[in-house]
Amino acid sequence: MITGIHHIALRCCGVAEYEKAVHFYRDLLGLEEYKRWGGGDAQSIMLSTGAGCMEIFSNGTERMPQGQLLHVAFATDNVDELVAKVRAEGFEIIREPADVVIPTADGYPVRVAFCLGAAGEEVEFFTEK
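The text that follows walks through the structure, step by step, so that each part is easy to find. (Residues numbered from 1 in each chain as written. Predicted model: local features only at pLDDT ≥ 70, side-chain atom pairs only at ≥ 80, totals over all residues. Heavy atoms only, no water.)

A few points about the pairing of strand β7 (residues 108-116)
Applicable threshold: Pairing between two strands requires that DSSP report at least two bridges joining them. Helix numbering and strand numbering both begin at the N terminus, where a helix is a DSSP run of H or I of at least 4 residues and a strand a DSSP run of E of at least 2.
Relative to β7, strand β6 (residues 93-102) is paired through seven bridges, and the arrangement is antiparallel. For isoleucine 102, the partnering residue across the bridge sits in β7 and is tyrosine 108. Between β6 and β7, which follow one another and run antiparallel, lie five residues, and glycine 107 among them has a positive phi close to 75°. Inspection of the sheet shows β7 paired to strand β8 (residues 122-128) by seven bridges, in the antiparallel sense. Within the sheet, the bridge partner assigned to arginine 111 lies in β8 and is threonine 127. Where β7 folds back on β8, the antiparallel hairpin that results is connected by five residues, among which glycine 120 adopts a positive phi of roughly 85°.

Here it is in structure tokens:
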């Protein structure tokens, strides 16, 4: 039976985009390197998210149309700090930090923001209040 999400995979189009994605997730967002393999044009890395992994490949050749996976959401204690850090590195913020109440039966107050990652993927920063 399923016990959780093991990893999320991101296929970058080439080594330059791969290196930018690794910088974004490892250096900027602070995910720790878990495993690395391959080389040249076929590099791969797994970064720990704490409760799973982010796997990044360098061997994509074309952009995939957005499928059923809408975005990757990372839990954080400080949405605004992450947005400032991402913005300072030149990544596009597509939704500024905002307090939102998700309309569950008892209301679910959160703070969220979205940016575009290195390969054009949507990334959400999410804090439960």
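Structure shown, so let's carry the discussion forward.
With respect to the sheet that holds strand β1 (residues 7-11)
Note the cut-off: In this description, a line fitted to the C-alpha atoms serves as the axis of each element, helices being fitted only across the stretch in contact, and the angle between N-to-C directions of two axes falls anywhere from 0 to 180 degrees. Should any heavy atoms of two residues lie within 4.5 Å, those residues are considered in contact.
Pairing is mixed in the open sheet, where four strands are placed in the order β1-β4-β3-β2. The open sheet has two free edges, formed respectively by β1 and β2 (32-39), since each of these has just one partner strand. Here the strands of the sheet are splayed against their neighbours by 15° on average, with no regard to which way each runs. Note that β2 and strand β3 (residues 42-48) share seven bridges and pair antiparallel. Considered in β3, the bridge of arginine 36 is made with isoleucine 45. Strands in contact with helix α1 (residues 15-28) are β1, β2, β3 and β4 (53-57); relative to β3, the strand with the most contacts, it is inclined by about 10°.

Re the sheet that holds β6
What the four strands build is an open sheet, ordered β5-β8-β7-β6; its pairing is mixed. This sheet does not close on itself; its edge strands, each paired only once, are β5 (72-75) and β6. Strand-to-strand twist in this sheet, taken as the mean axis angle between neighbours without regard to direction, amounts to 25°.

Quick look at the side chain of glutamate 17
Mapped onto the elements of the fold, glutamate 17 is located in helix α1. Ignoring sequence-local partners within four residues, the contact set of glutamate 17 consists of Cys12, Arg63, Ala118 and Ala119.

Regarding the state of the cysteines
The cut-off we apply is this: Any two cysteine sulfur atoms lying within 2.5 Å of each other are counted as a disulfide.
Considering all chains together, one arrives at zero disulfides under this definition. Unpaired in terms of disulfides, cysteine 13 finds its nearest cysteine sulfur in cysteine 12, a separation of 7.6 Å. Free of any disulfide, cysteine 53 has its nearest neighbouring cysteine sulfur in cysteine 12, separated by 16 Å.

A word on the pattern of salt bridges
Applied cut-off: Just to be clear on terms, a salt bridge is a Lys or Arg side-chain nitrogen sitting within 4 Å of an Asp or Glu carboxyl oxygen. Note on exposure labels: buried denotes an accessible area under 20% of the residue type's maximum, exposed denotes more than 50%, and partly exposed covers the range between, all computed with a 1.4 Å probe on protein chains only.
This structure, assessed with the given rule, holds seven salt bridges. For arginine 111, the salt bridge goes to aspartate 99, with nearest N and O atoms at 3.1 Å. Of this pair, arginine 111 sits in strand β7 while aspartate 99 sits in strand β6; the two residues are twelve residues apart in sequence, bridging distant segments of the chain. On the basis of relative accessible area, aspartate 99 is assigned to the partly exposed category, the value being 49%. Connected through salt bridges with shared partners, the residues Arg26, Asp27, Glu33 and Arg36 form a single ionic network.

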